[in-house]
Amino acid sequence: MGETVQKPTVPEQAGPPAAESTAATREPLLEVDHVTLRFGGVVALNDVDFTLYKGEILGLIGPNGAGKTTCFNAMTGIYQPSEGEIRFRGERITGKKKHQITKLGMARTFQNIRLFPEMTALENIQVGADAHHKTSVLSALFRLPRHHREERDGREKAERLLDFVGIPGRMHDLARNLSYGEQRRLEIARALATDPVLLCLDEPAAGFNPAEKEELLQLIRKIRDQGVTVLLIEHDMRLVMGVTDRIVVLEFGKKIADGLPAEVREDHRVIAAYLGVPDDDVA
Amino acid sequence: MDFNALFSDFGGYTITGLTVGAIYALVALGYTLVYGVLRLINFAHSEVFIAGAFAAIWGWAAFGLDRDSVVSGFGSIMLYLLVGALIAAVASAGTATVIERVAYRPLRKRNAPPLAFLITAIGASIAIAEAFGIYTRRLPVGAPTVVKNDVLFTVFGADVTAVQLLVIGSALAMMVALDLFINRSRVGRGIRAVAQDQNTAALMGINKDRIILIVFIIGGAMAGVAGMLYDIRIGTLTYSVGFLLGLKAFTAAVLGGIGNLRGALIGGLLLGLVENYASALFGANWKDLVAFVVLVVLLMFRPTGLLGESLGRARA
Amino acid sequence: MTSVREWIYSGRHAVSERWHHAPRWMRWAVIAAVIVFFYALPNREFYQWLGPIPTTGSNFGQVLFTISIYVLLAVGLNIVVGFAGLLDLGYFGFFAVGAYTVAVLTSPSSDLKTLWPWLLALPVALVLTMISGVMLGTPTLRLRGDYLAIVTLGFAEMIRVAATSSEFLKGQRGFNQIPHPPGSYADGKPIFGVLDPRPYYWLVLTLIILVVIGVRNLNRSRVGRAWISIREDEDAAQLMGVPTFKFKLWAFASGAFIGGLAGALFAGKQNFVSSQNLELLNSIIILAAVILGGSGNIVGAIVGGGLVAYMIERFRGIELLGIQLYEYRFMFFGLVLVVMMIFRPQGLIPNRRRAAEFKDRRKEVIVGG
C-alpha cells in the first residue's frame, strides 16, 4: 500500500499507444489465475484463466449469463474466488478490500449505472479523486491546507475529466438529472478520477445508438492512448471487434477462446456459443 | 451471577420463558409479515398489540366481567376466551388496517423514501399509545381472571399452569395455521409472490394493495390474540407496555431472520428463554439488556438471523 | 386546494432561489440578524413583543434552553442519519453517556468522590462518548440498515437499564449537586447559577454555532462526500475507493461527540441526573425532529429540533375547555408527524440536493435493497 507507483495522470499526459508491443515485451497487469467461483451449488466461474497486458484493450465477451460481470465482480473484490487467485500489478488482490483494490489502480463502471444520484457531477468525480486524497476529519474540520489543496485538485480533475469525456458544462448538475448517455460518460469520468492503471468498463455502450457508440469507441481509444489499460465487457460485437486488441470469450463460466479479434471471430466454438443469440451479428 | 437460582428451578424458568416467548412470537409475526412484503419495519405494530389487549378487557367488561371476576367451568372459560380472542383480533386487525390506510398507503402512492415511512409509523405509534394513555388516565387496567393459574401437571419437575399451557398452546396452533395458510392457500401464494417481487406479482394480476391489506390484517389479528393472552398472563395492562414488548418482538423477528415465519417463532421462543434464564442469573432488572446483547452477538455471526430472511422463498 | 399548495411551493421555491442568488454580504447580514435575534430572545424586554410565541406556562428562558439542547442533538443526529444514511434509533444513549460521565466525575453522591469541576469533566465526557460511539459502531456498522436501527435502539435501552439497575449509577435517586459551568460576573456573582436559565441558553447557543460551523466544514469536504456517497450507494462508494467502514465510524463518533456535549451541558445546568431523564422516547423524538426538518440538511435539522421541542413545550400550562393540553402533547406530536410526512415527506427544509424532485430511492434503510 505504501509504495508510490507512478500512476499515469489520466488526461494530462498522452502516453504512447502500447497496443502493438510484442509478446516478449508485454508486461502482465492483471492475472486471473484459474479462478473458480461457486454460489452454493452454482458454478459461476469455472477455472477461468487469462492475463491482461499493460496498455492493451481487452474485450471480455460471451452470451448472457456467461459470467462476464461475475468476473468483474471477482476482480474488484465484490466476490471472493472459491479457488484460484487474482493478481494485479503482481500483487495478490484476492481477499483485499474493495477500496484498497481501487487504490491500487483498478477502476470500474457498472452495467446498470450506479452514480451517486443526489450528488452533482462535480461531487461524483471528486469522490473518485478522493481515493488518493488524505484529508482527515481534523483537517476538514479546521480547514487545514491539505483540505484546500485536495479540494482544488479534485475540482481541477473534475473540469479536466468532464471535458475529456465530452460533457463539459454539466459540472453542477445532479447526476440524476443528466441524460442517460451523459450518465454513462460521467461514470467513466468518475472511474478515471481514481487515477486507474486499469479501467474496467461493463457494457458501456448498452442502450446507445450507432452514433453514440462511435463516440464511445473514440473515447475508449483516447483513454487507452493516455496509458490506461482497458478491459471491456461488451455485447455489441462490432464495437468489440473495432476497438479491442485481444478478446477473451466466456460461456457458462468457462473460457472458450482467447486471442486476436480476427482469430476469435473465426473460432467455431465462439460462433456456436453466439448462434443461439439471434440478435447478435457475429456470423 | 446466581447459578443456584437458575438450576434449582431450571424447568420453571424454561416454561416461563416459553410462555413469554410465545407472546413475543405472535407479535413478531406481524413484523415479519409486513417486513416480508413491504420491506418496512412497522413501528406501530406495538400499538396494534395494545389495541387488542385493551379491546379484550373492555370486551369482557361488556359481558359483565370486571377485574375481580373469576370465570369458572370449562364451557364458560372457553366461551370467554373465544369472545376475548375474537374481539381482540378484530380490534387489532382494525387498528392495523387504519395504520396501513392512513400512515402507509398515502406514502406508497407517492413513492416516499423509506425514512418517511418510519416516521409516520413512529407518529402513529405515539399517537395511538398516548390516546390509550389519556383514556385510561395512564393507570393500569385490571383484567378479569378468565383462566385461573392452577397447576395442571408437572414436566421435569416444573409445574405447568393452565395459563402457560393456554399461551403456548394457542400460539403454536396459530403459527401452524398461519404457516399452512401462507404455504398452501391461494392468498398465501399471492403473499409470497408479492414478497418476492412486487412488480412482477402485479404484472401477474395480483392486486398488490389487497395483499398488503391482508398481510396487515393477519399480522394484526395475531397481535390481538397475543394481547389477550398477555392480559390473561399478567392480569393488568398499562398503555405504555407496547413499546418495550414491540421492541422485543421485533428483536425476536430479527433473531429468527426477519421475513421468515418460522424464524419469528424460533426467535420469539429463544428470546423468551434467554431472557428468563438471564433474569435468574443477573436479576430481573437486567433481563431487557440481555436480549439485545444476544441479538448483537448473533447478528455479528449470522447477519440474516438464525433461519435467514425469506417470506418469498417459501420457507416451507 | 392544489393550486394553494402549488402557490405555497412556488413561493417557497422563490425564497430559496432568491437566497441562493443573493449576494454574499446579504446572506451574511440575514444570518447575523437571525443569530442576534436568538441571543436576544430569552430577554423579557424583547420577547414580550412577540405575541403568543413565548410559552406562558413556564419560564421562557428555561424552555429555550430545552429547545436549544434538542437543536444540538438534532444537528448531531443529522450527521448519522442525514449525511451517512445510518438509521440510529438510540441516539439519546450518547446524551446519557455524556450526562452520566459528568455526573459521576463531579457529583458528591458519586462513589468516585472525585468532585471534579464541570469544565474538567467535560473533555472526559466528550472523549468517552466518542469512544462509546466507536465501540457501538465497530460491531454494528457492518450490519444492514434495519438491523442497525434495532441494535442502536437496544444500545439506548441498555444504557437506560444500566442507569436504572446499577448501584454505581444510582438509579432513580440519581446524582445531585453536579457543579455548574465556571465563570463569574465582575461583581463576583457566578454567571451560571440556579435561578437564571438564560446564561445556559446562551452557552448552548454559542456552542450550536460552533458545532454547525464544524459540521458544515466536514460536510463540504472529502469527509462529507464520503458520507453522502455511502448513503447513496455504499457498494459503489467502496468501489470508488471510499473506505466506507472508516467513514461510517467517523459519522458515529462525530454524532456521539455532539450528543455527549449536549448531555454534559444538560448535566451542568440541571445539577441533577437520574435514570428518569432517559426515556427511550427521546431518541425517537430527535430522529423525528431531523426528518421533520429535512434529513441531510443542517438548517433543516436546526428547524426540526427547535420546532419539535417547542411544540412539546408550548402545550404546557394551556387549558382548553377544561382540558390540560400538556397531557395531549405527545398525541398531537404523533399526529403531526403522520400528517407532516404524508404531505411533505422530504421534510420542511429538504436537502437542496433532493428538493428538485422527490423520486423513489432504491437505497435501503428500512426498505431493504
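Residues numbered from 1 in each chain as written. Chains lettered and ligands numbered in written order. Predicted model: local features only at pLDDT ≥ 70, side-chain atom pairs only at ≥ 80, totals over all residues. Heavy atoms only, no water.

- If you look chain C up in an unreviewed UniProt entry, it shows as Branched-chain amino acid ABC transporter permease from Micromonospora endophytica.
- According to the UniProt record, the Subcellular location (unreviewed entry) comment for chain C reads "Cell membrane". (UniProt positions renumbered as here; feature names shortened; annotations may be inferred.)

- The name given to chain A in an unreviewed UniProt entry is ABC transporter ATP-binding protein, with the source organism recorded as Micromonospora endophytica.

1. Some remarks on the overall build of chain C
Then step 1. Counting its regular elements, chain C contains 15 helices and two strands.
Then step 2. Counting the 369 residues in chain C, one finds 58% classified as buried.
Then step 3. A total accessible area of about 15500 Å² is found for chain C, and carbon and sulfur atoms account for 66% of it. (Helix = DSSP H or I, 4+ residues; strand = E, 2+ residues; numbered from the N terminus. Buried < 20%, exposed > 50% of the residue type's maximum accessible area, 1.4 Å probe, protein only. Areas by Shrake-Rupley, 256 points an atom, 1.4 Å probe, with all protein chains shown as cover.)

2. Things to note about the overall build of chain A
Then step 1. On a plain count of helices and strands, chain A comes out with ten helices and ten strands.
Then step 2. Per-residue burial for chain A yields a buried fraction of 56% across its 283 residues.
Then step 3. Considering only contacts in chain A between residues 6 or more positions apart, those separated by 24 or more positions represent 68%.
Then step 4. For chain A, the exposed surface amounts to about 11900 Å²; the carbon and sulfur share of it is 51%. (Contact = heavy atoms within 4.5 Å.)

3. Focus on the packing of helix α7 (residues 186-196) of chain B against helix α9 (residues 208-234) of chain B
How two helices sit against one another is set out by the angle between their axes and by the gap between those axes.
Residue and element names in this part refer to chain B.
Then step 1. Taken N-terminus to C-terminus, the directions of α7 and α9 make an angle of 105 degrees; their axes are 10 Å apart at the nearest point. Classed by the angle they form, the pair α7 and α9 counts as roughly perpendicular. On the side of α7, the interface is formed by Val187, Gly190, Ile191 and Val194, while α9 contributes Lys208, Arg210, Ile211, Ile214, Val215 and Ile218.
Then step 2. A breakdown of the residues in the contact of α7 with α9 according to their chemical character gives seven nonpolar, one polar and two charged. (Axes fitted to C-alpha atoms, helices over the stretch in contact; angles between N-to-C directions. Parallel < 35°, antiparallel > 145°, perpendicular 65-115°, else oblique. Nonpolar A, V, L, I, M, F, W, Y, C, P; charged D, E, K, R; others polar.)

4. Examining the nonpolar core
Then step 1. The biggest cluster of nonpolar side chains holds 225 residues, and the ones touching the most others in it are B:Leu26, B:Phe49, B:Ile122, B:Met228, C:Leu72, C:Trp227 and C:Leu287.
Then step 2. Counting residues per element, this core draws most heavily on helix α4 (residues 60-83) of chain C, at 17 residues.
Then step 3. When residues no more than four places from it in sequence are discounted, the contact partners of B:Met228 are B:Ala53, B:Ala56, B:Trp60, B:Leu81, B:Gly84, B:Ala85 and B:Ala88. (Core = buried A, V, L, I, M, F, W, Y, C linked by side-chain atoms within 4.5 Å.)

5. Structural notes on the interface of chain C and chain A
Then step 1. Taken residue by residue, the interface counts 28 residues in chain C and 34 residues in chain A.
Then step 2. Considering only the side of chain C, the residues that lose the most area to chain A are C:Arg225, C:Leu239 and C:Met240, jointly responsible for 28% of the buried surface there.
Then step 3. Viewed at the interface, chain A and chain C are joined by five salt bridges.
Then step 4. For the salt bridge of C:Arg225 with A:Asp130, the shortest nitrogen-to-oxygen distance reads 2.9 Å.
Then step 5. At the boundary of chain C with chain A, the tally comes to 13 residue pairs in polar contact (both at pLDDT 80 or more).
Then step 6. A class-by-class count of the residues in the side of chain C that touches chain A yields ten nonpolar, six polar and twelve charged. (Buried area = accessible area lost by both parts, 1.4 Å probe. Salt bridge = Lys/Arg side-chain N within 4 Å of Asp/Glu carboxyl O. Polar contact = N/O pair within 3.5 Å; in protein donor to acceptor, adjacent residues only side chain to side chain.)

6. Some words on unusual backbone geometry
Then step 1. With a phi close to 50 degrees, A:Arg143 is a non-glycine residue in the positive phi region.
Then step 2. For A:Arg143, the location among the structural elements is in the loop between α4 (137-141) and α5 (145-165).
Then step 3. Residue C:Leu115 is not a glycine yet carries a positive backbone phi of 55 degrees.
Then step 4. Looking at the element boundaries, C:Leu115 is found in the loop between α5 (92-106) and α6 (118-140).

7. Remarks on the confidence of the model for chain A
All names here are of chain A.
Then step 1. Summary statistics for chain A give a mean pLDDT of 86 and a share of 88% for residues scoring 70 or more.
Then step 2. A low-confidence stretch, residues 1-24 stays under pLDDT 50, and its non-local contacts, those more than four residues away or across chains, total 38 contacts.
Then step 3. Here residues 278-283 is a poorly scored stretch, pLDDT under 50, and it has seven contacts once near neighbours within four places are set aside; other chains count. (pLDDT = per-residue confidence, 0-100.)

8. A word on the arrangement of the chains
Then step 1. Most contacts, when the two pairs of chains in contact are compared, are made between chains B and C.
Then step 2. Considering only C-alpha positions, the minimal separation of the non-contacting chain A and chain B is 13 Å.

9. Some words on a nonpolar patch on the surface
Residues and elements named next belong to chain C.
Then step 1. Nonpolar side chains collect at one region of the surface, where Trp19, Trp25, Met26, Trp28, Val30, Ile31, Val34, Ile35, Phe37 and Phe38 lie side by side and expose about 910 Å² of accessible area between them.
Then step 2. Tallying contributions element by element places helix α2 (residues 24-40) first for the nonpolar patch, with nine residues.
Then step 3. If you trace the backbone, phenylalanine 37 turns up in helix α2. (Patch = residues over 30% accessible without salt bridge, like charges linked within 9 Å, V, L, I, M, F, W, Y side chains within 5 Å.)

10. Re the interface of chain B and chain C
Then step 1. Each partner contributes to the interface: chain B provides 50 residues, whereas chain C provides 48 residues.
Then step 2. Summed over both sides, the interface between chain B and chain C buries roughly 4200 Å², with carbon and sulfur atoms accounting for 79% of that surface.
Then step 3. The largest contributions to the chain B side of the interface with chain C come from B:Pro114, B:Leu115 and B:Ile119, which together make up 14% of the buried area.
Then step 4. Linking chain B with chain C are one salt bridge, by the criterion used here.
Then step 5. Notably, a salt bridge pairs B:Arg138 with C:Glu327, separated by 3.1 Å at the nearest N-O pair.
Then step 6. Run the count over chain B and chain C and you get two residue pairs in polar contact (both at pLDDT 80 or more).
Then step 7. Sorting the residues of the side of chain B that touches chain C by element identifies α2 (10-38), α4 (74-109), α5 (114-135), α10 (241-256) and α12 (287-301) of chain B as the ones contributing at least two each.
Then step 8. Among the elements that line the side of chain B that touches chain C, the one with the most residues is α5(B), at 15 residues.
Then step 9. Here the residues of the side of chain B that touches chain C sort into 38 nonpolar, six polar and six charged.

11. Considerations on the pairing of strand β9 (residues 246-251) of chain A
All names here are of chain A.
Then step 1. Counting buried residues along β9, five of its six residues qualify, which places the element largely inside the surrounding structure.
Then step 2. Relative to β9, strand β3 (residues 57-61) runs parallel, the two being bridged by four bridges. Bridge assignment links leucine 58 to a residue of β9, and that residue is arginine 246.
Then step 3. Pairing between β9 and strand β10 (residues 254-259): five bridges, direction antiparallel. Counted as the bridge partner of isoleucine 247 is glycine 259 from β10.
Then step 4. Adjacent in sequence and paired antiparallel, β9 and β10 are bridged by two residues, among which phenylalanine 252 carries a positive phi angle near 50 degrees. (Pairing = 2+ DSSP bridges.)

12. Topic: the packing of aromatic side chains
Residue and element names in this part refer to chain B.
Then step 1. This structure, assessed with the given rule, holds 25 aromatic pairs over all chains.
Then step 2. Their ring planes at 20 degrees and their centres at 5.0 Å tell us that phenylalanine 54 and tryptophan 58 sit as a pair that is stacked. Here the residue phenylalanine 54 and the residue tryptophan 58 both occupy positions in helix α3 (residues 45-62), the gap between them amounting to four residues, near one helical turn.
Then step 3. Owing to a relative accessible area of 0%, phenylalanine 54 belongs among the buried residues under this scheme.
Then step 4. Taking the relative accessible area as the measure of exposure, tryptophan 58 reaches 33% and is therefore partly exposed. (Phe/Tyr/Trp six-rings, centres within 6.5 Å; stacked < 30°, edge-to-face > 60°.)

13. Observations regarding the sheet that holds β10(A)
Strand pairing in a sheet relies on backbone hydrogen bonds. The paired strands run either parallel or antiparallel.
Residues and elements named next belong to chain A.
Then step 1. In spatial order, the strands read β6-β7-β8-β3-β9-β10; together these six strands make up an open sheet with mixed pairing. Looking at which strands have only one partner, the edges of the open sheet turn out to be β6 (106-108) and β10. Shown here is a sheet whose adjacent strand axes are inclined to one another by a mean of 15 degrees, direction ignored.
Then step 2. Packing against the sheet, helix α7 (residues 210-225) makes contact with β3, β7 (198-202) and β8 (229-233), and its axis sits at approximately 150 degrees to β8.

14. What to know about the packing of helix α3 (residues 121-129) of chain A against helix α6 (residues 180-192) of chain A
All names here are of chain A.
Then step 1. Direction vectors running N to C along α3 and α6 enclose 30 degrees, while the axes themselves pass 7 Å from each other. Only Leu186, Ala189 and Arg190 of α6 make contact with α3, whose side of the interface consists of Ala121, Asn124, Ile125 and Gly128.
Then step 2. For the contact of α3 with α6, the residue count by class is four nonpolar, two polar and one charged.

15. Considering α12(B)
Then step 1. Compared with the 21 Å implied by 1.5 Å per residue over 15 residues, the 22 Å span of α12(B) between its first and last C-alpha is a close match.
Then step 2. Among the residues of α12(B), those classed as buried are B:Asp288, B:Leu289, B:Val290, B:Ala291, B:Phe292, B:Leu295, B:Val296, B:Leu298 and B:Leu299. (Expected span 1.5 Å × (residues − 1).)

16. Let's talk about the sheet that holds strand β1 (residues 28-39) of chain A
Residue and element names in this part refer to chain A.
Then step 1. An order of β2-β1-β4-β5 is seen for the four strands of this open sheet, with the pairing classed as antiparallel. Of all the strands in the sheet, just β2 (42-53) and β5 (91-92) have a single pairing partner and so form its edges.
Then step 2. Examined bridge by bridge, strand β4 (residues 83-88) and β5 share two bridges and lie antiparallel to one another. Looking across to β5, one finds that phenylalanine 88 is bridged to glutamate 91.
Then step 3. Strands β1, β2 and β4 of the sheet are contacted by helix α1 (residues 68-75), whose axis makes an angle of about 70 degrees with β2.

17. Digging into the pairing of strand β3 (residues 158-161) of chain B
Then step 1. As paired strands, strand β2 (residues 151-155) of chain B and β3(B) are joined by four bridges and run antiparallel to one another. Counterpart to B:Val155 in the pairing with β3(B) is B:Ala158.

18. Thoughts on the pattern of salt bridges
Then step 1. With the rule as written, the count across this model stands at 41 salt bridges over all chains.
Then step 2. Notably, a salt bridge pairs A:Arg114 with C:Asp235, separated by 3.7 Å at the nearest N-O pair. One end of the pair, A:Arg114, is in the loop between β6 and α3; the other, C:Asp235, is in helix α10 (residues 234-239), on a second chain.
Then step 3. Under the relative-accessibility criterion, A:Arg114 is labelled partly exposed at 21%.
Then step 4. Each of the salt bridges in this network shares a partner with another, and the network as a whole consists of A:Glu31, A:Asp33, A:Glu85, A:Arg87 and A:Arg92.

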